[in-house]
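# Tertiary structure, described
Read off the chains here:
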Amino acid sequence: MIVGLDIKNKRMRCSHCQSEVIKKYYRLDRYNKVICETCYSKSRRCQVCSLPNKDMYLVDGLKVCMDCYSQKYRCRSCSKDLKKDKLHHIYGLQGFFCSTCIHLLNHCDRCNFPAYSNDKLIEIDREIRLCESCLSTSIVDSEIAKKVLVNVSRILNKKMGLQMVKNLTLELVNKRELMYHSDILLKPNNQSSAENLLGFTKRDGKNFYIYIQTGLSLSTYISAVTHEYARAWQLQYCSKQIGRVLWEGFAGWTATKMLWLLGYHEEIVKIESFGDHFSYGLKKIQVIEKSKGTHGVLEFMTQVK
Ligand SMILES: [Zn+2]
Ligand SMILES: [Zn+2]
Ligand SMILES: [Zn+2]
Ligand SMILES: [Zn+2]
């Protein structure tokens, strides 16, 4: 389903220069394009579709690629001819829209795509409505969600040496159910953490239950599910005596490692800017990694029993 999310890691080629991707790379455009680091840093990127390109054209002061430029006379939402509409705009990452569509109240909650009719937005949850394009790259199907989790656990096992967690159940839930499972609102001063909550892991004897918010984009889902899988691993193999800072930091660190392997660098930035004790713990783990490597981190986590 996405290039590189299988452990065989078939040789990937940069879709820009065709050279083989060896270390750092970026995954773009609905997850199917990978761009090597050289091309990513050298080329200019289109401000509509964010793909790298040599030739750029100017529209309303924004640099856009040929593909996006050629669509500048048609509203992406209602298909109206934009030549007569002086107010046409670029909006989010979806292209050009007429002034009527721009001022509509119905927008995709992820990319801001304005929908001229209600059937253009699909309700995922009471709080999330997505356009078709965002929906196509979101995780709303539990079978797909489970497949991605299996892949994530294999990659963590092969590339980082994390033992597999057994007796794992995964459930996609809406925001309210997630809050309910996590008990987060029962704790005082937790309003802001509740807002950012994407997943939760529970242990019941030998069984582990992972709950993830439905409708996340694939990259955010991978971030959240890796975080929760790392949490389940901790519950099985580590002691909580290690302290809350490192406990939280380790799950975040594992997610950043996974996202790096898959070329989702924008998600890493999100994790690193979470703030408070969370990013402090992440930094602490990164310091251990610098001196002792990935295996050193795992050893450190499992030594306190
Ligand atoms: Zn390249
Ligand atoms: Zn473009
Ligand atoms: Zn329109
Ligand atoms: Zn959208």
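First, a word on scope: everything that follows refers to the structure included in this document. (Residues numbered from 1 in each chain as written. Chains lettered and ligands numbered in written order. Predicted model: local features only at pLDDT ≥ 70, side-chain atom pairs only at ≥ 80, totals over all residues. Heavy atoms only, no water.)

## Examining the pairing of strand β9 (residues 121-125)
What counts here: Strand pairing is defined by DSSP finding a minimum of two bridges between the two strands. Secondary structure elements follow DSSP: runs of H or I of four or more residues count as helices, runs of E of two or more count as strands, with numbering from the N terminus.
For β9 and strand β10 (residues 128-131), the ladder comprises four bridges, and the chain directions are antiparallel. In the strand pairing of β10, Glu 123 is matched with Arg 129. Here β9 folds back onto β10 in antiparallel fashion, the turn holding two residues.

## Quick notes on the sheet that holds strand β14 (residues 207-213)
Worth spelling out the cut-off: With axes taken as lines fitted to C-alpha atoms, and helix axes fitted only over the stretch in contact, angles between N-to-C directions fall between 0 and 180 degrees. Contact definition: two residues touch when any of their heavy atoms are within 4.5 Å.
In space, the three strands of this open sheet follow the order β12-β14-β13, with mixed pairing throughout. Two strands close off the open sheet at either side, each with one partner strand: β12 (168-173) and β13 (199-204). Within the sheet, the average angular offset between the axes of one strand and its neighbour, ignoring direction, is 20 degrees. Across the face of the sheet, helix α8 (residues 218-237) comes into contact with β12, β13 and β14 while running at roughly 160 degrees to β14.

## Description of the coordination of the zinc ion (ligand 4)
Our working definition: Sodium, potassium and calcium take a 3.2 Å donor cutoff, other metals 2.8 Å, and in both cases only N, O and S atoms count; water is not among them, so sites may look incomplete. Just to be clear on the cut-offs, tetrahedral is four donors with all angles between 85 and 135 degrees, square planar is four donors and octahedral six with opposite donors over 155 degrees apart and all others between 65 and 115, and anything else goes down as irregular.
Around the zinc ion (ligand 4), the protein contributes the donor atoms Cys 108 (SG), Cys 111 (SG), Cys 131 (SG) and Cys 134 (SG), at 2.3 Å from the metal centre. Between the four donor atoms coordinating the zinc ion (ligand 4), the angles at the centre fall across 105 to 115 degrees, so the site counts as tetrahedral. Written as a sequence motif, the donor arrangement for the zinc ion (ligand 4) is C-x2-C-x19-C-x2-C. One end of the pair, Cys 111, is in the loop between α3 (99-102) and β9; the other, Cys 134, is in helix α4 (residues 132-136), with 23 residues separating them in the sequence.

## Brief notes about the coordination of the zinc ion (ligand 2)
Around the zinc ion (ligand 2), the donor atoms from the protein are Cys 46 (SG), Cys 49 (SG), Cys 65 (SG) and Cys 68 (SG), and they sit 2.2 to 2.3 Å away. Geometry at the zinc ion (ligand 2) is tetrahedral, judged from its four donor atoms and the angles of 105 to 114 degrees they form at the metal.

## A look at unusual backbone geometry
At Gln 18, a position not held by glycine, the phi torsion is positive, near 70 degrees. Within the secondary structure, Gln 18 sits in the segment before β1 (25-28). In this structure, Asn 112 takes a positive phi of about 75 degrees despite not being glycine. Relative to the assigned elements, Asn 112 resides in the loop between α3 and β9.

## Observations regarding the side chain of Asp 125
Operational definition: Note on classification: 1.4 Å probe, protein chains only; a residue is buried when its accessible area is under 20% of the maximum for its type, exposed when over 50%, partly exposed between these limits. For the purposes of these results, a polar contact is taken to be a pair of N or O atoms within 3.5 Å, where, inside protein, one atom must be able to donate a hydrogen and its partner to accept one; residues adjacent in sequence count only when each atom of the pair is a side-chain atom.
With respect to the secondary-structure elements, Asp 125 resides in strand β9. Residue Asp 125 is classed as buried on the basis of its relative accessible area, which comes to 5%. Within polar-contact distance, the side chain of Asp 125 engages the side chain of Arg 176 at 3.4 Å. Not counting residues within four places of it along the chain, the set of residues in contact with Asp 125 comprises Asn 174, Lys 175 and Arg 176.

## Looking at the pairing of β1
Burial of β1 is two-sided: the residues Tyr 25 and Arg 27 facing one way and the residues Tyr 26 and Leu 28 facing the other way are all buried. Where β1 meets strand β2 (residues 33-36), four bridges bridge the pair, whose relative direction is antiparallel. Paired with Tyr 25 across the bridge in β2 is Cys 36.

## Some words on the packing of aromatic side chains
Worth spelling out the cut-off: Here the aromatic set is Phe, Tyr and Trp, taking the six-membered ring for Trp, and pairing holds for ring centres within 6.5 Å; pairs whose planes are under 30 degrees apart are stacked, those over 60 apart are edge-to-face, and all others are tilted. A ring is scored as having a charge over it whenever the NZ atom of a lysine or the CZ atom of an arginine sits within 6 Å of its centre and within 35 degrees of its normal.
Under the counting rule described, the total for this entry stands at six aromatic pairs. Relative to Tyr 40, the ring of Tyr 26 has its centre 3.5 Å away and its plane inclined at 5 degrees; by these criteria the two rings are stacked. Here Tyr 40 lies in helix α1 (residues 37-42) and Tyr 26 lies in strand β1, a separation of 14 residues in the sequence. Given a relative accessible area of 14%, Tyr 26 falls into the buried group. For Tyr 40, a relative accessible area of 17% translates into the label buried. Among the aromatic residues, those joined into a cluster by ring pairs are Trp 233, Tyr 237, Phe 250 and Trp 253. Of note, Arg 27 hangs over the ring of Tyr 264, and the distance from its end group to the ring centre comes to 5.5 Å.

## Thoughts on the side chain of Thr 201
Of note, Thr 201 is situated in strand β13. One polar contact links Thr 201 to Glu 228, side chain to side chain, over a distance of 2.6 Å. When near neighbours in sequence (up to four residues on either side) are disregarded, Thr 201 contacts Tyr 209, Ile 210, Glu 228, Arg 231, Ala 232 and Leu 235.

## Quick notes on the pattern of salt bridges
Convention followed: Every case where a carboxyl oxygen of Asp or Glu lies within 4 Å of a side-chain nitrogen of Lys or Arg is listed as a salt bridge.
By the definition in use, this model includes five salt bridges. Between Glu 248 and Arg 231 there is a salt bridge; the shortest N-O distance is 3.9 Å. In this pair, Glu 248 sits in helix α9 (residues 244-262) while Arg 231 sits in helix α8, placing the two residues 17 residues apart along the sequence. Accessibility classification places Glu 248 together with Arg 231 in one group, the buried group.

## Points about the nonpolar core
For the record, the criterion: Residues grouped as a nonpolar core are buried Ala, Val, Leu, Ile, Met, Phe, Trp, Tyr and Cys residues, joined through side-chain atoms within 4.5 Å. Annotation comment: domain bounds sourced from an automatic or database domain assignment.
In this structure, Leu 170, Ile 212, Tyr 221, Ile 222, Trp 233, Phe 250 and Met 301 are the most contacted members of the largest nonpolar core, which totals 59 residues. The greatest single-element share of this core, amounting to ten residues, is contributed by α8. Looking at which domains feed residues into this core, each of domain 1 (1-42) and domain 3 (139-303) supplies at least three. Filtering out sequence-adjacent residues up to four positions away, Ile 212 remains in contact with Leu 170, Glu 171, Leu 172, Val 173, Leu 198, Gly 199, Tyr 221, Ala 224, Val 225 and Glu 228. Residues Val 64, Cys 75, Cys 108 and Leu 121 belong to the second largest nonpolar core, which totals 25 residues.

Any link to function would need more than the numbers given here.
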